[in-house]
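Residue-level structure breakdown
For reference, the chains in residue letters:
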Amino acid sequence: MHELIPPQALFRGPRRSDEDLTAAAGPPPAATEAERQNAFFRDVLDHLYDGVYFVDEDRVITYWNRGAARITGFEAGSVVGL
């Protein structure tokens, strides 16, 4: 068996059409601690009344919260990446 392919991903023959395929695949992979923290802080920032935005080292906007949208009138989709 190849070590990169988990056993639950291997073909085990035909399945009935009424069988729950999600149970055979197992639970979804758990989010890493970094992903959980990132989601938490993004949620906190999105709920601030103040406008918050981030730029990278090239001054490209990488994050724009709801407060920034409320203050400027520009939604995140129209400014992120500029």
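A short tour of the structure in this document, coming up. (Residues numbered from 1 in each chain as written. Predicted model: local features only at pLDDT ≥ 70, side-chain atom pairs only at ≥ 80, totals over all residues. Heavy atoms only, no water.)

All right, on to the side chain of Asn65 then. Topologically, Asn65 is positioned in the loop between strand E2 (61–64) and helix H3 (66–72). Of the polar contacts made by the side chain of Asn65, one reaches the backbone nitrogen of Val52; its length is 2.8 Å. From its side chain, Asn65 meets the backbone nitrogen of Gly67 in a polar contact 3.2 Å long. Once residues lying within four places of it in the same chain are set aside, the contact partners of Asn65 are Leu45, Asp46, Leu48, Asp50, Gly51 and Val52. (Helix = DSSP H or I, 4+ residues; strand = E, 2+ residues; numbered from the N terminus. Polar contact = N/O pair within 3.5 Å; in protein donor to acceptor, adjacent residues only side chain to side chain. Contact = heavy atoms within 4.5 Å.)

Scanning all chains against the criterion turns up 3 aromatic pairs. A cation over a ring is seen here: Arg70 above Tyr49, with NZ or CZ 3.7 Å from the ring centre. (Phe/Tyr/Trp six-rings, centres within 6.5 Å; stacked < 30°, edge-to-face > 60°. Lys NZ or Arg CZ within 6 Å of the ring centre and 35° of its normal.)

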